[in-house]
Amino acid sequence: MEQNEITEVLNRPFSRELLARDLTRLAYVAKDGTPRTIPIGFTWNGTEIVMCTTTNAPKLAALRHNPAVALTIDTEVHPPKMLLVRGRAELDYVDGIPDEYLQMNGSYRMTAEQRVEWEAEVRSLYDGMVRIVVTPTWAKLIDFETTLPSAVEELVRRRAERQNA
């Protein structure tokens, strides 16, 4: 997929809405060769999806071995909206707490007092973190209004051909 095509998908209004959400599902291949999908907080900086994790997270060894990942960001309403992204994970070890980690947790409902307590707890727990940075190499928006899964698109095309025959 060409970069201009990826940019066009990611700039659609529904895509921007999804990129402003809190959680994505990160899919990767574990060290034992089996697939894994985990929910993880993220932030979109306009060109990259950034997730943060502990320095001892098991997924880091798997991502060092095979950095190919897929992400799904979706809604829980009907019709669902889904943004599917593929890319390669780059690992960036950071002393202290990355700004992105504090930002991605900023939209959870916390009182100001809870936020202060949460941040103090985070800062006391983590000496450092790892930023998992994914630059999209492929993207697809499925909104069931203007875009459909490719298999459904094919069924719609076949039905139209039958009706026009």
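Everything below is about the structure shown above.
Residues numbered from 1 in each chain as written. Predicted model: local features only at pLDDT ≥ 70, side-chain atom pairs only at ≥ 80, totals over all residues. Heavy atoms only, no water.

A. Focus on the overall build of the protein. Broken down by element type, the protein carries six helices and seven strands. Once the C-alpha set of the protein is aligned to its principal axes, its extents read approximately 70 × 40 × 30 Å. Burial analysis of the protein (165 residues in total) assigns 37% to the buried set. Long-range contacts, defined here as pairs at least 24 residues apart, represent 68% of the contacts in the protein between residues at least 6 apart. (Helix = DSSP H or I, 4+ residues; strand = E, 2+ residues; numbered from the N terminus. Buried < 20%, exposed > 50% of the residue type's maximum accessible area, 1.4 Å probe, protein only. Contact = heavy atoms within 4.5 Å.)

B. Layout of the sheet that holds strand 2 (residues 35-41). In space, the seven strands of this open sheet follow the order 2-1-5-6-7-4-3, with antiparallel pairing throughout. Looking at strand neighbours, the two that pair on one side only are strand 2 and strand 3 (43-44), the edges of this open sheet. Against the sheet, helix 1 (residues 3-10) makes contact with strand 3, strand 6 (82-95) and strand 7 (128-142), and its axis sits at roughly 95° relative to strand 7, the strand it touches most. (Pairing = 2+ DSSP bridges. Axes fitted to C-alpha atoms, helices over the stretch in contact; angles between N-to-C directions.)

C. Region of interest: the packing of aromatic side chains. According to the stated counting rule, one finds two aromatic pairs in the structure shown. Look at Tyr101 and Trp118: their rings are 5.9 Å apart centre to centre, the planes differ by 25°, and that puts the pair in the stacked class. Of this pair, Tyr101 sits in helix 4 (residues 99-104) while Trp118 sits in helix 5 (residues 112-125), and the two are 17 residues apart along the sequence. Each member of the pair, Tyr101 together with Trp118, is buried. For the cation-ring pair, Lys81 lies above Phe14, with the distance from its terminal atom to the ring centre recorded as 4.7 Å. The ring of Trp138 is capped by Arg86, whose NZ or CZ atom sits 3.7 Å from the centre of that ring. (Phe/Tyr/Trp six-rings, centres within 6.5 Å; stacked < 30°, edge-to-face > 60°. Lys NZ or Arg CZ within 6 Å of the ring centre and 35° of its normal.)

D. Structural view of helix 1. Residues of helix 1 that are buried: Ile6, Val9 and Leu10. Axial view of helix 1: buried residues confined to an arc of 95°, hence all on one face. (Arc of directions from axis to C-beta.)

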